[in-house]
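# Results of the structural survey
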Amino acid sequence: MDEALDLAALHAAHVLTLRARFDRALSACGYSGVLVHSGSLAPIFRDDQTHPFRAHAWFKAWVPLHEVPDCFLYYEPGRTPVLLFHQPSDYWHKVARPPRAYWTAQVDLRPVADRAAARAALPRDLGATAYIGEPFRGLAAWGVSAANPPGLLARIDYDRAVKTPYELACLRAANRLAARGHRAAARAFAGGACELEIELAFLRACGAREQELPYNPIIALNESGAVLHYQMLERTPPAEVRSMLIDAGAQAGGYASDVTRTYSFADADFSSLIERFDEVQQALCSGVHAGVDWRDVHLSAHRLVAELLHESDITTCDAEEAVATGVSSVFLPHGIGHLLGLQVHDAGGLLRSPEGGEIPRPEGHPHLRLTRVLEAGFVVTMEPGIYFIDPLLDAARGDARAARINWTRVESLRRFGGIRIEDDLAVTASGTENMTRDAFRAELGSPGAPGVPER
Ligand code: GLY
Ligand code: MN
Ligand code: MN
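Anyway, here's the lowdown on the structure attached to this text. The structure presented is a predicted model; accordingly, all values stated were derived computationally and were not measured. (Residues numbered from 1 in each chain as written. Chains lettered and ligands numbered in written order. Predicted model: local features only at pLDDT ≥ 70, side-chain atom pairs only at ≥ 80, totals over all residues. Heavy atoms only, no water.)

Moving on: the coordination of the manganese ion (ligand 3). All of the protein donors around the manganese ion (ligand 3) are D258 (OD), H338 (NE2), E383 (OE) and E422 (OE); their distances to the metal are 2.1 Å. For the manganese ion (ligand 3), the six donor atoms in the first shell make angles of 51 to 159° at the metal, so the coordination geometry reads as irregular. Here the donor residues for the manganese ion (ligand 3) map to a single chain with the spacing D-x79-H-x44-E-x38-E. Here the manganese ion (ligand 3) and the manganese ion (ligand 2) are spaced 3.4 Å apart, and both take D258 as a donor. One end of the pair, H338, is in the loop between α10 (327-331) and β12 (351-353); the other, E422, is in the loop between β16 (418-420) and β17 (423-427), with 84 residues separating them in the sequence. (Donors = N, O, S within 2.8 Å, 3.2 Å for Na, K, Ca; no water. Tetrahedral: all angles 85-135°; square planar, octahedral: opposite > 155°, others 65-115°. Helix = DSSP H or I, 4+ residues; strand = E, 2+ residues; numbered from the N terminus.)

Right, let's get into the nonpolar core. Within the largest apolar cluster, 47 residues are counted, with the highest numbers of intra-cluster contacts made by W294, F331 and M382. Mapped by element, the contributors of at least two residues to this core are α7 (268-286), α8 (294-311), α9 (319-324), α10, β14 (379-382), α11 (390-397), α12 (407-413) and β17. Judged by nonpolar contacts, the second largest core, of 40 residues, contains L73, I156, L171 and V379. (Core = buried A, V, L, I, M, F, W, Y, C linked by side-chain atoms within 4.5 Å. Buried < 20%, exposed > 50% of the residue type's maximum accessible area, 1.4 Å probe, protein only.)

The next point concerns helix α6 (residues 195-206). Counted at 1.5 Å a residue, the expected span for α6 with its 12 residues is 16 Å, and the 17 Å between its end C-alpha atoms agrees. Burial in α6 covers these residues: E195, I198, E199, F202, L203 and C206. One face of α6 carries all of its buried residues, which in axial projection span an arc of 135°. At its buried positions, α6 is contacted by α5 (165-190), β7 (218-221) and β8 (243-247). (Expected span 1.5 Å × (residues − 1). Arc of directions from axis to C-beta. Contact = heavy atoms within 4.5 Å.)

Our next topic: the pattern of salt bridges. In total, this model carries 25 salt bridges according to the counting rule given. The partner of R115 in a salt bridge is D70, and the shortest N-O contact between them spans 2.9 Å. A residue pair is termed long-range when its members are at least 10 positions apart, and R115 in helix α3 (residues 115-121) and D70 in the loop between α2 (57-60) and β2 (72-75) qualify at 45 residues. Judged by relative accessible area, R115 falls into the partly exposed class, the value being 27%. Taking the shortest distance from any N to any O, the salt bridge between E355 and R155 comes out at 3.5 Å. Here E355, found in the loop between β12 and β13 (356-358), pairs with R155, found in helix α4 (residues 150-160); they are 200 residues apart in sequence, far enough to count as distant. The exposure class of R155 is buried, given its relative accessible area of 18%. (Salt bridge = Lys/Arg side-chain N within 4 Å of Asp/Glu carboxyl O.)

Let's shift gears to the side chain of H86. Mapped onto the elements, H86 comes out in strand β3 (residues 82-86). Relative accessible area serves as the criterion here: at 17%, H86 is assigned to the buried category. There is a polar contact of 3.2 Å between the side chain of H86 and the backbone oxygen of P69. There is a polar contact of 3.4 Å between the side chain of H86 and the backbone oxygen of A113. Beyond its immediate sequence surroundings of up to four residues, H86 is in contact with V68, P69, D70, C71, V112, A113 and D114. (Polar contact = N/O pair within 3.5 Å; in protein donor to acceptor, adjacent residues only side chain to side chain.)

A few words now on the site of ligand 1. Near ligand 1, the surroundings consist of Y215, D247, D258, H338, H345, E383 and E422. In the model, a nitrogen atom of ligand 1 is placed 3.0 Å from a nitrogen or oxygen of the D258 side chain. Residue H338 places a side-chain N or O atom 3.1 Å away from an oxygen atom belonging to ligand 1. If ligand 1 stood free it would expose 200 Å²; the protein chains cover 93% of that surface. Spatially, ligand 1 is embedded in the second largest pocket. Here the residues of the shell around ligand 1 are counted per class, giving one nonpolar, two polar and four charged. (Near = heavy atom within 4 Å. Areas by Shrake-Rupley, 256 points an atom, 1.4 Å probe, with all protein chains shown as cover. 1 Å grid on protein atoms, 1.4 Å probe; cavity = no way out; pocket = protein on both sides within 12 Å on 5 of 7 lines; lining within 4 Å. Sits in = over half its atoms within 2 Å of the grid points. Nonpolar A, V, L, I, M, F, W, Y, C, P; charged D, E, K, R; others polar.)

Right, let's talk about the packing of α5 against α6 for a bit. Interaxial distance between α5 and α6 falls to 7 Å at its minimum, and their mutual angle equals 145°. The two elements α5 and α6 cross, and the hand of that crossing is right-handed. Where α5 approaches α6, its residues L177, A178, R180, G181, H182, A184, A185, A188 and F189 are matched on the opposing element by I198, A201, F202, A205 and C206. In terms of residue class, the contact of α5 with α6 is made up of 11 nonpolar, two polar and one charged. (Axes fitted to C-alpha atoms, helices over the stretch in contact; angles between N-to-C directions. Left-handed = near helix turned anticlockwise from the far one by under 90°.)

Gaps between atoms show up when a probe of the same size as a water molecule is rolled over them. The volume enclosed by the largest pocket comes to roughly 1200 Å³. Mapped onto the lining of the largest pocket, the elements with two or more residues apiece are α2 and β3. At three residues, α2 tops the list of elements feeding residues into the lining of the largest pocket. Its residues assigned to classes, the lining of the largest pocket comprises 20 nonpolar, 10 polar and 10 charged. Here the second largest pocket defines a volume of roughly 540 Å³. Residue lining of the second largest pocket: 26 residues in total, with I218, L228, H229, D247 and H345 positioned closest to the centre. Residues of the lining of the second largest pocket, tallied by class, amount to nine nonpolar, nine polar and eight charged. (Points joined across faces, edges and corners; volume = space filled by probe spheres on them.)

This is the structure we're talking about:
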C-alpha cells in the first residue's frame, strides 16, 4: 500500500481515538472544550536570540507540527478540531506555510497572524474551556476556565500510555532513523573519532539537527560512560580509545526513539562482559508482556544484573544479598525503563488511575519513572546498565557494602566507564515487539547487538 495513504488512514484513526479520549475526559471534568498551545519561543536573557523551539507533547499528540510556535488546537466534542496555524507577517524569519500533508484532513486549519487573531478565531466565550500549555502573558484576558487542570491532564496522560497504531508506526520510524545513526556512530568510533565527530556522524545519518532529536545524544568514550547523562562532547580523541557508550534517539512525526549501545574498542574482556550483559538485557525483554507490574520488572532486573556482577567477579556476594544490601544499586542506580512516546520520558508513568494518584516506587529505588501495570499498546524502554561511578563507589567503600565488592576488579574496569543497552519495546497481548532490534535488522541486516563495532 502507498505509505502516505497508509499514514493518512492511521492518523485519521488516531485522531478518532484522541477525540474519544478527550470526549470522556472533558465530560468527566465538566469542560465543554480544550485549547492546546504548541508553545512559545523562549527568549535568551537580555538577548535577541531565542532557545531552540520544541512543541509541547500535548499539542504534538494531535498534529505532527513540531517547528511552529504559537499554534493552537481547539477541540470541542462533536466538532472537527480547529488548528490555528501561526503565520505571522515577518521578513526576518522564514514563515511556515500552512501545511498540506497526510494529517491535514483531520483538522480545520486556519492561518492566524498573531495571538490577537488566534483569540478572535475562537469562540467568544471560553468560560468552560480548559487550556493546556505554558500560560503566556495575556492568557488571563482570554477567559479560559482553567490552565492545565490536574484532573484533565491525569486522564489524558493516563490514556496516552496506550499508543494507537499510528503512534506505533511513528515510533518504528523513529527507531529506524536511530539505527541508521547508531551504525554511522559505531563506524566513526571504530575509526578513532572524537565524541563530537561521532555525534556529527549520528546527525548526518539521521538527517537531523541536534534540536530535532528527542534529547541531546549521550556519547561517552572511556570513563565518561559512567556519567549517566553525560552532556559534553570532547573535541579530540583520548590518547587510548577503550569504549563507547552511545545513548541517542531520533524523532519521527514528533515521536521519540531512545536507544543505547555500548562498544569495546579492542579489549576482549570488556567485550565479553558486554556480550553477557546483552544476554541479560534480552532475557529481561522476554519477560515483558501485558499484565506485568513494571516495579517487578525493575526488581528482577536488579537480581539478574546482580547475578552477572557476581559471575563477572565484580561483587563477592550472591544476587539476593547484593539486592538486599543495596550493592546492586551502586552499579545500577537508575530505573530499568520508562514510558516512551511524544516525550522521551513520557508522561503518566506513575499514575494510579485516570483520576490521578501515584503508585509509589519500590523502597530504595527513587529514580524509577514507571510503576504501572503494563497494557497492550504501552511502549517502554528496557535499559539495564552497570557503571563504575566514582561518587557511588566512594560511598560504598565507606560502609558495610565495601566487603561485598571486589575492588581490584572494579579498578580494572573503571577505565571503560560502564555498559548500558537500551531497546524500545511495544507491549502486545502476548509479549513485545522489539522496535529497536527490528529497526537494526531492517537497516543493517543484523539485530545490532552491541559488543565490538563493525570495522
Ligand atoms: N536517554 C535518556 C534515557 O535513556 O532515559
Ligand atoms: Mn536512553
Ligand atoms: Mn531511556
